[in-house]
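Fold and contact review
Listed below are the residues making up each chain.
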Amino acid sequence: MAFPYLIPYFRDARQHFDEHEYRSGISITNLETQKAADLSLGYTVGDVYGNAGAQYRCELSIEPMHTVVRQIHEFMPEVLGFNSEGWLDIREINGPRLLAMYLAHGVPNQAHQ
C-alpha cells in the first residue's frame, strides 16, 4: 500500500510555524480477529528536497482488532530534523491482513494544544 503524498514535518518562519506546522498523522486498524499485523512503514523524501530519495523505515505490530493512531514523526523521529514532502509505503511482513488506513495532512502540533 502506498500513500503518494505525505508531509511528515514542514515548518517555515512565514506561514507554517508553531500551531500551523504541517505534520501528517495516520490511523491503521487491524481488522483481523486472530492475528497481529506486522508492518514495515517507509518514508521516501520527494525529489524537490536536498536529501531527495532518502528513506526512513520502521516496523510496527498491531494486535487483532486494534487501532494505532500517531503522527508520522512518532514512528520515524529523524524526519523532525528537516522539512520535506514525499511518500509513504506500508508493507505487510507476515502476509496479507485486513487493514483500514487513513492518512491526515496538516495535523496540528500536539505540543500547542
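Preceding this paragraph is the structure being described.
Since the structure is predicted, the reported quantities are computational estimates derived from the model, not experimental observations.

Calculation criteria
Throughout this document, residue positions are counted from 1 along each chain, in the order its sequence is written. The model is predicted, so local features are restricted to residues of pLDDT at least 70 and side-chain atom pairs to those at 80 or more, both for listing and for counting; the totals for chains, interfaces and linings are taken over all residues. Values shown for side chains rest on all heavy atoms present in the structure; no hydrogens or waters enter the calculation. Each helix is a run of DSSP H or I of at least 4 residues and each strand a run of E of at least 2, with the numbering of both proceeding from the N terminus. In this scheme, a residue with accessible area under 20% of its type's maximum is buried, one over 50% is exposed, and one in between is partly exposed, where area comes from a 1.4 Å probe on protein chains only. Contact criterion: two residues are considered in contact whenever any of their non-hydrogen atoms come within 4.5 Å of each other. Only the protein chains shown count as covering a residue, and every accessible area follows the Shrake-Rupley method with a 1.4 Å probe. When two rings of Phe, Tyr or Trp (its six-membered ring) have centres within 6.5 Å they constitute a pair, described as stacked for plane angles under 30 degrees, edge-to-face for angles over 60, and tilted for the intermediate range. Between any two strands, at least two bridges found by DSSP are needed for them to pair. Every axis in this analysis is a line fitted to C-alpha atoms, fitted for helices over the stretch in contact. Angles between the N-to-C directions lie between 0 and 180 degrees.

Glancing now at the overall build of the protein chain. Helix and strand content of the protein chain: one helix and seven strands. When the helices and strands of the protein chain are listed from N to C terminus, the series reads β-β-β-β-β-α-β-β. By the burial criterion, 43% of the 113 residues in the protein chain qualify as buried. Restricting to contacts in the protein chain with at least 6 residues of sequence separation, those with at least 24 account for 73%. Element-wise, carbon and sulfur atoms account for 52% of the exposed surface of the protein chain, whose accessible area totals about 6400 Å².

Now for the packing of aromatic side chains. Summed over the entire model, instances satisfying the criterion amount to one aromatic pair. Ring geometry for tyrosine 56 against phenylalanine 82: centres 5.8 Å apart, planes inclined by 35 degrees, an arrangement best described as tilted. Separated by 26 residues along the polypeptide, tyrosine 56 in strand 4 (residues 55–62) and phenylalanine 82 in the loop between helix 1 (72–75) and strand 6 (84–92) bring together distant segments of the chain. Each member of the pair, tyrosine 56 as well as phenylalanine 82, is classed as buried.

Moving on: the sheet that holds strand 5 (residues 67–71). In spatial order, the strands read 5-2-7; together these three strands make up an open sheet with antiparallel pairing. Among the strands making up the open sheet, the edge pair consists of strand 5 and strand 7 (99–104). Here the strands of the sheet are splayed against their neighbours by 10 degrees on average, with no regard to which way each runs. As paired elements, strand 2 (residues 25–30) and strand 7 share six bridges and run antiparallel to each other. Note on strand 7: the bridge partner recorded for threonine 29 is alanine 100.

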